[in-house]
Amino acid sequence: MSTSTAAIVTRDALSVFAGEIFSSMPRVDQRRWAEVYLRGLLLVEGKKSVRKISEDILSIPAHQSLQQFINQSPWEWEPVRASMVRYATNAETPQAWVLSRIAIPKRGDRSVGVERRFLPEASRTVNCQLGLTVALAVPSANIPVNWRLLMPEKWLTDRTLRESAYIPQGVRANPEWADFAAMLEELELHWQARRVPVVGDLRHLTATDQLVGELLNRGLDFTFEVDGSLVVVDAAAHPREARSVHAARGAFRRAGTALDFLGRWCGPSTDACKQVKAPMKVVSAVVTFPGARRGGSERRVRLLTELSPSGAPKRFWITNLMGHRVDEIIALSRLAQRSKENLQALEERFGLRDFEGRSFRGWHHHMTMVSAAYAFDRLSSRAPGAT
């Protein structure tokens, strides 16, 4: 087979990795098929279909058994994802949890969760599944370790659709912010993941205030890029007046005292922002976030604004990292862009879009395996005991 040389090179390390990551699977045959599928995602050229994986990796027509493993086998994906968190944390120092969403275009209307949606980030309507992910950012890459599939209401209220995709009874059509919050809670409370700042580009999110309020009340650090329409309270100039961040920035500028110009320049000479091609001018102001309270008192956050050469606001970030320098916060925010690049790599090289089944369980199984393949590719040489 065409991948035999690569398979020989990676066999020992990959087998050790698979043994660790898939140890929660109760049956030997499940763990065996998991390693076959993982090897296929890593080594098969082009589209990574079940048939092609079975033919290239095993050289026998075993696609029906492999299809059953992905679509119908009852193995739980949560313990596998928890194992990936431990593996990545042991390989490199965690930097942040990065929130992202990805649209997976689909033909037809039978793939679980598919719907025609307008995507603000694409400025068009797409027939797609919408996946949400939380990635663990380490120095080498952002490794997606938790997934949710955004479920349109029709897939849960239409009995025929729900049964055709084998959607569990507990699945709900949650708003996007609630699924992000639930994934972060699962990471911390159930998988004992280490607390690090939460980062994301939330300009597309329609309920950013809900997510920010939830994280503030749970005491989680965060840095989010937000749309200029997000409402905050001008704590210095107009203590009781709620404004969009775009309007508030202008009020802060007039008030003067609310602006923090320390560290306003973020350019190539600054280590934390060494990837910036041109200097940025960023100003910071303290604001109050409406509705976010802890112990009966209002919670204050920082509003960062990137200014154009003319002084007009270009981009906005909200953060509760009050003691961090501006360049440190901007460097953290850049991890959101890296997640977009990493997800593109998962699409192009690791089969993220190649799931052929229609079941809810199958989607989660496939995305878990794609994440495992990416974790091995990026981190296996850095894991403890690697040679």
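Residues numbered from 1 in each chain as written. Predicted model: local features only at pLDDT ≥ 70, side-chain atom pairs only at ≥ 80, totals over all residues. Heavy atoms only, no water.

## Thoughts on the overall build of the protein chain
Note the following rule: Under the scheme used here, helices are H or I runs from DSSP no shorter than 4 residues and strands are E runs no shorter than 2 residues, and both carry numbers assigned from the N terminus. Exposed residues in this analysis have more than 50% of their type's maximum accessible area, buried residues have under 20%, and partly exposed residues fall in between, with area computed by a 1.4 Å probe over protein chains only. In what follows, a contact means two residues having at least one pair of non-hydrogen atoms within 4.5 Å.
Scanning the protein chain from terminus to terminus reveals twelve helices and 13 strands. Looking at the protein chain residue by residue over its 387 residues, the buried ones come to 55%. Counted over contacts in the protein chain with a minimum sequence separation of 6, partners at least 24 positions apart contribute 63%.

## Comments concerning the confidence of the model for the protein chain
Put simply, the rule is: What pLDDT expresses is the predictor's confidence in each residue, scored from 0 to 100.
Across the protein chain, the average pLDDT comes to 85, with 82% of residues at or above 70. Confidence drops under pLDDT 50 across residues 1–10; counting only partners more than four residues distant or on other chains, this segment forms 13 contacts. Considering only residues more than four positions removed or in separate chains, one finds that residues 251–274, a stretch of pLDDT under 50, has 57 contacts.

## Focus: the packing of aromatic side chains
The condition that has to hold: Note on aromatic contacts: the rings of Phe and Tyr and the six-membered ring of Trp form a pair at centre separations within 6.5 Å, being stacked when their planes are under 30 degrees apart, edge-to-face when over 60 apart, and tilted otherwise.
Throughout the structure, instances matching the rule amount to seven aromatic pairs. A centroid spacing of 4.9 Å and a plane angle of 80° characterise the contact between Phe17 and Tyr87, whose relative ring orientation is edge-to-face. Taken as a pair, Phe17 in helix α1 (residues 4–21) and Tyr87 in helix α5 (residues 77–91) lie far apart in primary sequence, 70 residues in all. As far as the burial class goes, Phe17 and Tyr87 line up, both buried. Feature note: the residues Phe17, Tyr87 and Phe376 constitute an aromatic cluster, connected by ring pairs.

## What about the environment of Trp97?
Condition: The term polar contact refers here to a pair of N or O atoms within 3.5 Å; inside protein, the definition further demands a hydrogen-donor-capable atom paired with an acceptor-capable atom, and it admits residues adjacent in sequence only when both atoms are side-chain atoms.
Position of Trp97 relative to the elements: it lies in strand β1 (residues 96–105). Residue classification places Trp97 among the buried residues on the basis of a relative accessible area of 6%. In the structure, Trp97 is positioned 38 residues away from Ala135 in sequence and 5.6 Å away in space, judged by C-alpha atoms. Among the polar contacts made by the side chain of Trp97, one reaches the main-chain carbonyl oxygen of Arg194 at a distance of 3.3 Å.

## Describing the side chain of Thr319
Locating Thr319 in the fold gives a position in strand β13 (residues 313–319). Separated by 2.7 Å, the side chain of Thr319 and the backbone oxygen of Phe222 make a polar contact. A polar side-chain atom of Thr319 sits 3.0 Å from a polar atom in the side chain of Thr223.

## So, the pattern of salt bridges
To keep it simple, the criterion reads: Here, a salt bridge means any Lys or Arg side-chain nitrogen found within 4 Å of an Asp or Glu carboxyl oxygen.
The full count for this structure, using the stated rule, is 17 salt bridges. Residue Glu163 is joined to Arg159 by a salt bridge in which the shortest nitrogen-to-oxygen separation is 2.9 Å. Separated by four residues within a single helix, Glu163 and Arg159 lie in helix α7 (residues 159–164), roughly one turn from each other. With a shortest N-O distance of 2.5 Å, Arg195 and Glu188 are connected by a salt bridge. Looking at Glu188, the relative accessible area reads 23%, which means it is partly exposed. Members of the salt-bridge network, linked through shared partners, are Asp201, Arg203, Glu225, Glu306, Lys314, Arg315 and Lys340.

## Overview of the nonpolar core
Where a protein is soluble and globular, its nonpolar side chains tend to be buried together. Formally: Take the buried residues of types Ala, Val, Leu, Ile, Met, Phe, Trp, Tyr and Cys, join any two whose side-chain atoms come within 4.5 Å, and each joined set is a nonpolar core.
Membership of the largest hydrophobic core comes to 104 residues, with the highest contact counts inside it found for Phe22, Trp97, Leu211 and Phe224. Per element, the largest residue contribution to this core is eleven residues, and it comes from helix α12 (residues 360–379). Ignoring anything within four residues of it in the chain, the contact list for Phe224 reads Leu99, Val198, Val199, Gly200, Leu202, Leu211, Val212, Leu215, Phe316, Trp317 and Ile318. The next biggest cluster of nonpolar side chains, apart from the first, holds nine residues, and it includes Ala96, Val199, Leu321 and Leu335.

## Focus: helix α4 (residues 63–71)
Given 3.6 residues per turn, any residue in an α-helix points the same way as the ones three and four places further on. Listed in full, the buried residues belonging to α4 are His63, Leu66, Phe69, Ile70 and Asn71. The elements touched by buried residues of α4 are α2 (28–43), α3 (50–58) and α12.

## A closer look at α5
Just so we agree on the cut-off: By definition here, a helix of n residues has an expected span of 1.5 Å times n minus one.
Compared with an ideal rise of 1.5 Å per residue, which puts 15 residues at 21 Å, α5 spans 21 Å between its outermost C-alpha atoms and is within 8% of the ideal. When we look at burial in α5, the residues that qualify are Trp77, Val80, Arg81, Ala82, Ser83, Met84, Val85, Tyr87, Ala88 and Ala91.

## Section: the packing of helix α8 (residues 176–190) against helix α9 (residues 208–218)
Just so we agree on the cut-off: Comment: axis = line fitted to C-alpha atoms, over the contacting stretch for helices; angle = value between 0 and 180 degrees taken between N-to-C directions. For this classification, under 35 degrees means roughly parallel, over 145 means roughly antiparallel, 65 to 115 means roughly perpendicular, and everything else is oblique. The handedness criterion is simple: a crossing whose near helix is rotated anticlockwise from the far helix by less than a right angle is left-handed, and one whose near helix is rotated clockwise is right-handed. For this classification, Asp, Glu, Lys and Arg are treated as charged, while Ala, Val, Leu, Ile, Met, Phe, Trp, Tyr, Cys and Pro are nonpolar and the rest, including Gly, are polar.
Packing of α8 against α9 leaves a shortest axis separation of 9 Å and a crossing angle of 25°. The angle between α8 and α9 places the two elements in the roughly parallel class. The two elements α8 and α9 cross, and the hand of that crossing is right-handed. For the pair α8 and α9, the contacting residues are Trp177, Phe180, Ala181, Leu184, Glu185 and Glu188 in the first and Gln210, Leu211, Glu214, Leu215 and Arg218 in the second. Here the residues of the contact of α8 with α9 sort into six nonpolar, one polar and four charged.

## Some thoughts on the environment of Met25
Looking at where Met25 falls in the secondary structure, it is placed in the loop between α1 and α2. By relative accessible area, which is 1% here, Met25 ends up buried. For Met25, the contacting residues outside a window of four places in its chain are Gln30, Arg31, Ala34, Phe69, Trp75 and Val80.

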